[in-house]
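# Chains, contacts and geometry: an overview
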There are 2 protein chains.
Amino acid sequence: MTDIARECGITKMTVSRVLAGGDKVKPATKARVLAAAKKLNYEVNTLAKNLTKGRSGFVGVATPFEGLLGTCYFGECFRGFSKARKRFDLDFVLFDTKLESFQDGEKLTQLYRQCRFDGLLVLGAHMNDSFIESLKSAGIPLVIIGEKPLSSEICSVSCDNTGGVELLCEHLYTLGHRRIAFVEGPKNLKVAKSRREQYLNFCRTRKLITPPHYLQPGTFQMSSGREAGKALLTGHTRPTAIIAANDSMAFGVIESARELSLRVPHDVSVVGFDDLDDASQYSPPLTTVHQPAFEMGKLSAQKLFKSIDTDILPTGQTVLNVSLILRESTAVPPSGPST
Amino acid sequence: MTDIARECGITKMTVSRVLAGGDKVKPATKARVLAAAKKLNYEVNTLAKNLTKGRSGFVGVATPFEGLLGTCYFGECFRGFSKARKRFDLDFVLFDTKLESFQDGEKLTQLYRQCRFDGLLVLGAHMNDSFIESLKSAGIPLVIIGEKPLSSEICSVSCDNTGGVELLCEHLYTLGHRRIAFVEGPKNLKVAKSRREQYLNFCRTRKLITPPHYLQPGTFQMSSGREAGKALLTGHTRPTAIIAANDSMAFGVIESARELSLRVPHDVSVVGFDDLDDASQYSPPLTTVHQPAFEMGKLSAQKLFKSIDTDILPTGQTVLNVSLILRESTAVPPSGPST
DNA sequence: TTGTAGGCGTTATCAG
DNA sequence: CTGATAACGCCTACAA
């Protein structure tokens, strides 16, 4: 910058002004500065700029690396973040909430106070609310994605998990299913809990039978769906329909049916939740609930960017709608519609 | 920092020394400083530290967001990066090579010169070598992952794609298959090209028939595998075995067989490449080649970190071994072993 | 073992 | 519209 100033016979200050956006500088000077900058192959030193501005120019994305990073859900959310970005001087840093050192939010708080990032997007948070509370109380601009924290003070963008499961249940019930089983997600995830609760709720309301083994544990991974499917399809009082708390597990359930030479949906109906890309490619194509991961990512990032720009903490708890995607993995139960 | 100094009745400088690692400071002073730091809830300002050090403390990860970010392969690599990290003052920034502005490497070069990151890991690079060359010539510490660039000057960590396809071909040939088809990956990816070349090579060597439609285009996505499978299984001279250039497409091929009521492996053998988590969960479990994505990620990150620490550009082209994972999607061809 | 002086490259502020 | 001066918070180098 000093070089440019010398080259143009002016001060650094004027050069800075031009490069920062050309506030009130004589057009002629401006042109000369720009020419010199080009000639000298100048690029700002972000490090120095950041120091004076007190900003790092980075947005943190906190997520469990193991279990979420390689999933389509994560990919879609992240593409949403990226899409929301209008200013290109903000980039994304990834933090692994699975590391022990990140478990309690203390570490992220510290990084924030060290000016490593300007705001935080939290994906796949655990039920452990104290994690989020501690981030909040550190004054970090914060948006939680995928679930709604207890405290309404905390900004979040999620989708209607309860409503989604309700749609699935209704659909199966209308087809005539009365023996409906459920494969749940990890116990420490709020989304998993919401989905399970709504299933149980539905069964209670409609007075459906729910032997204990109708509620199968799962990890959101295909393998757990396969195991749960095997248990359900070989156990007593075989269900006529199985709801998996996400698509991956639904695929696993379908595989288990195949292994047992049961046809989907003829012998058993299977539904999932998420609407992954592959859901439509499966045979049979999977009936599922579409979760708008891309939109969730985009909206949450927009909120955070705005917050960072304005220095006002983000607020509001947005719950996006989900929709039932009817494909071919569901049909009337083998015994025909119930009464 | 000034506050701590005042609190302890010493200068900033001594405080700095203590906080930087306590070089040659009297233990008593050191203790007092640390106590005061704790009391005042002090955290270094990374922004200032970076400015003096001339380092950003970030490692860039350049990858196409669309098509790679949501995949298991990316997840594994990234977990490898994270695992390689010994110093926790280096974090990972994501850059989207699918953005137009990143296509030619110019943008990343600019970001580097602006000190946004200290080194770069490139994942899923395009065939376009000029992209990589331009990064290299900008002097960016650089490791390419997954493919071996033409210029041996450029550091890379990849796996033996050629050998892997050879293993698959050999396996099928030994079982007796003579009509082997191939579903290829995106035309602009080097890995895809290597795998295809080796398939063609094998067919040539063994004098296998290869009608033009035996080489089906694909995108590495399940849907393209499904389409290719349909074309191959309904076309003339039906192959007895199909090699998909990755697992996702192999799943698609299997689905297409199911739709056509063909049994895998009884009527047609199917193999993939990657060994995704789900490959073992499929029914039939998929015979495939294991690609050590985690190790590739870890090793490449280690090289880069070392380079950043020592200020010596990373070198060497490592090619990791792959291994054939025999599962249940392959068998002798329906007509029995060939002569 | 500790202190002093100065600089890293940029922007803020106020004066001209 | 432009310039002078100081500051951002830390670290390097040298001196005491």
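Rules of the game
Residues numbered from 1 in each chain as written. Chains lettered and ligands numbered in written order. Predicted model: local features only at pLDDT ≥ 70, side-chain atom pairs only at ≥ 80, totals over all residues. Heavy atoms only, no water. Patch = residues over 30% accessible without salt bridge, like charges linked within 9 Å, V, L, I, M, F, W, Y side chains within 5 Å. Areas by Shrake-Rupley, 256 points an atom, 1.4 Å probe, with all protein chains shown as cover. Salt bridge = Lys/Arg side-chain N within 4 Å of Asp/Glu carboxyl O. Helix = DSSP H or I, 4+ residues; strand = E, 2+ residues; numbered from the N terminus. Near = heavy atom within 4 Å. Polar contact = N/O pair within 3.5 Å; in protein donor to acceptor, adjacent residues only side chain to side chain. Nonpolar A, V, L, I, M, F, W, Y, C, P; charged D, E, K, R; others polar. Contact = heavy atoms within 4.5 Å. Buried area = accessible area lost by both parts, 1.4 Å probe. Expected span 1.5 Å × (residues − 1). Buried < 20%, exposed > 50% of the residue type's maximum accessible area, 1.4 Å probe, protein only. Least-squares fit on C-alpha atoms with pLDDT ≥ 70 in both. Phe/Tyr/Trp six-rings, centres within 6.5 Å; stacked < 30°, edge-to-face > 60°. Lys NZ or Arg CZ within 6 Å of the ring centre and 35° of its normal. Domains from an automatic or database assignment. Core = buried A, V, L, I, M, F, W, Y, C linked by side-chain atoms within 4.5 Å.

A cluster of nonpolar side chains, M1(B), L19(B) and L34(B), forms an exposed patch at the surface whose accessible area comes to about 220 Å². Relative to the helices and strands, L19(B) is located in helix α2 (residues 12–21).

Around DNA strand C, the surrounding shell holds 22 residues, and the nearest of these are M13(A), S16(A), Y42(A), T11(B) and T29(B). In the model, a base oxygen of DNA strand C is placed 3.3 Å from a nitrogen or oxygen of the K12(A) side chain. Contact distances for DNA strand C include 3.4 Å between a sugar or linking oxygen and a side-chain N or O atom of T52(A). No other element matches the four residues that helix α4 (residues 46–53) of chain A contributes to the surface near DNA strand C. Residues that form the surface near DNA strand C fall into these classes: nine nonpolar, seven polar and six charged.

Okay, the interface of chain B and chain A next. Each partner contributes residues to the interface: chain B has 51 residues there, and chain A has 52 residues. Summing both partners gives a buried area of about 4,700 Å² for chain B against chain A, and 57% of it is carried by carbon and sulfur. At the boundary of chain B and chain A, one finds six salt bridges. The partner of R79(A) in a salt bridge is E66(B), with the nearest N and O atoms 3.8 Å apart.

Below, the discussion takes up helix α6 (residues 72–84) of chain A. If you check α6(A), its first and last C-alpha atoms are 18 Å apart, about what 13 residues at 1.5 Å a residue would give, namely 18 Å. Taken residue by residue, α6(A) has Y73(A), F74(A), G75(A), C77(A), F78(A), G80(A), F81(A), S82(A) and A84(A) as its buried positions.

Another aspect to go through is the protein's contact with DNA strand D. Within the structure, DNA strand D sits among 23 residues, and T11(A), R17(A), T29(A), S16(B) and Y42(B) are positioned closest to it. Looking at DNA strand D alone, sugar and phosphate atoms form 61% of those within 4 Å of the protein. In the environment of DNA strand D, a phosphate oxygen lies 2.7 Å from a nitrogen or oxygen atom belonging to the side chain of T11(A). Looking at the surface near DNA strand D, the elements with two or more residues in it are α2 (12–21) and α4 of chain A together with α2 and α4 (46–53) of chain B. Ranked by residue count, the leading element in the surface near DNA strand D is α4(B), at five residues. Class assignment for the residues of the surface near DNA strand D results in 10 nonpolar, seven polar and six charged.

The subject of this paragraph is the relation of the copies chain B and chain A. For these two chains of identical sequence, chain B goes onto chain A by a turn of 180° and a shift of 0.0 Å along the axis, with RMSD 0.1 Å. Here the transformation between the copies is reduced to the relation of a two-fold axis. No C-alpha of chain B approaches the rotation axis more nearly than that of V93(B), which lies at 2.2 Å. Looking at the interface residues of chain B, 100% of them are also at the interface in chain A, so both copies use one shared face.

Before going further, it helps to spend a moment on the packing of aromatic side chains. Under the counting rule described, the total for this entry stands at 26 aromatic pairs over all chains. Judged by centre distance (4.1 Å) and plane angle (35°), the ring pair of F58(A) and F58(B) falls under tilted. Pair noted here: F58(A) is in strand β1 (residues 58–63) and F58(B) is in strand β1 (residues 58–63), and the two residues belong to different chains. F58(B) carries the same exposure label as F58(A), and that label is buried. An aromatic cluster is defined as three or more aromatic residues linked by ring pairs; in this entry it consists of F65(A), F74(B), F78(B), F81(B), F92(B) and F305(B). The ring centre of F58(B) lies 4.2 Å from the NZ or CZ of R116(A), which sits over that ring. A cation over a ring is seen here: R195(B) above F273(B), with NZ or CZ 3.9 Å from the ring centre.

What follows is about the environment of S248(A). Residues and elements named next belong to chain A. Turning to its location among the elements, S248 is positioned in helix α12 (residues 247–259). Separated by 31 residues in the primary sequence, S248 and A279 have C-alpha atoms spaced 8.8 Å apart. Contacts of S248, omitting those with residues within four sequence positions, involve F220, Q221, M222 and L276.

When the domains of chain A are assigned, the result is domain 1 (2–43), domain 2 (58–159 + 294–320) and domain 3 (161–291). Here the C-alpha centre of domain 3 of chain A lies 64 Å away from the C-alpha centre of domain 1 of chain A.

Bringing the nonpolar core into the picture now. F78(A), F81(A), L121(A), F78(B), F81(B) and L121(B) are the most contacted members of the largest nonpolar core, which totals 144 residues. Apart from residues no more than four positions distant in its own chain, L121(A) is found in contact with V59(A), G60(A), V61(A), A62(A), F81(A), F92(A), V143(A), I145(A), S300(A), A301(A) and L304(A). Counting 38 residues, the second-largest nonpolar core is a separate cluster that includes V122(A), F131(A), V93(B) and F102(B).

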